[in-house]
Amino acid sequence: MMQGDSYDLPLFIQSDDGLITPKDVEEVVVSIGNVTKTLSKGELQFDAESGAILVRLSQKDTFSLVGREDVQARVKFTNGEVKGVTFGELFVDVSNSTEVL
């Protein structure tokens, strides 16, 4: 990823029964470095083919990231349980351009 990129970041989250689906989740909080996105049930986007949660990152979001950034999520399931997931690091390359297009 490069600063200034804007796209849906796919994240794969598993429960004991396999990949989670929209019916399993009340809310997901995703943190990428200092960027935090809270996605409630009505806002969650899933890729049905791959099973990934899609997290929309704007140009403004990615301009605030640089270098190695930790990626984590906390999931509130419909049964009330809350579980954290660590995805590891995402490398964000410095952009020579700082203009939002």
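Definitions and cut-offs
Residues numbered from 1 in each chain as written. Predicted model: local features only at pLDDT ≥ 70, side-chain atom pairs only at ≥ 80, totals over all residues. Heavy atoms only, no water. Helix = DSSP H or I, 4+ residues; strand = E, 2+ residues; numbered from the N terminus. Polar contact = N/O pair within 3.5 Å; in protein donor to acceptor, adjacent residues only side chain to side chain. Contact = heavy atoms within 4.5 Å. Pairing = 2+ DSSP bridges. Axes fitted to C-alpha atoms, helices over the stretch in contact; angles between N-to-C directions.

Focus: the side chain of Gln59
Turning to step 1, where the next piece is worked out: Locating Gln59 in the fold gives a position in helix 1 (residues 59-63).
Turning to step 2, where the next piece is worked out: Among the polar contacts made by the side chain of Gln59, one reaches the main-chain amide nitrogen of Leu101 at a distance of 2.7 Å.
Turning to step 3, where the next piece is worked out: Once residues within four sequence positions are removed from consideration, Gln59 is found in contact with Gly4, Asp5, Ser6, Glu99, Val100 and Leu101.

Some details on the environment of Leu57
Turning to step 1, where the next piece is worked out: Among the secondary structure elements, Leu57 is positioned in strand 7 (residues 52-57).
Turning to step 2, where the next piece is worked out: Once the C-alpha coordinates of Leu57 and Ser6 are considered, the two residues, 51 residues apart in sequence, prove to be 5.3 Å apart.
Turning to step 3, where the next piece is worked out: Contact partners of Leu57, with chain neighbours within four places excluded, come to Met1, Asp5, Ser6, Tyr7, Leu9, Ile32, Lys37 and Thr62.

Description of the sheet that holds strand 1 (residues 7-11)
Turning to step 1, where the next piece is worked out: Sheet architecture is open: three strands sit in the order 1-7-6, paired in antiparallel fashion. The open sheet is flanked by strand 1 and strand 6 (45-47), the only strands paired with a single partner. Strand-to-strand, the axes of this sheet are offset by a mean angle of 45°, without reference to chain direction.
Turning to step 2, where the next piece is worked out: Note that strand 6 and strand 7 share three bridges and pair antiparallel.

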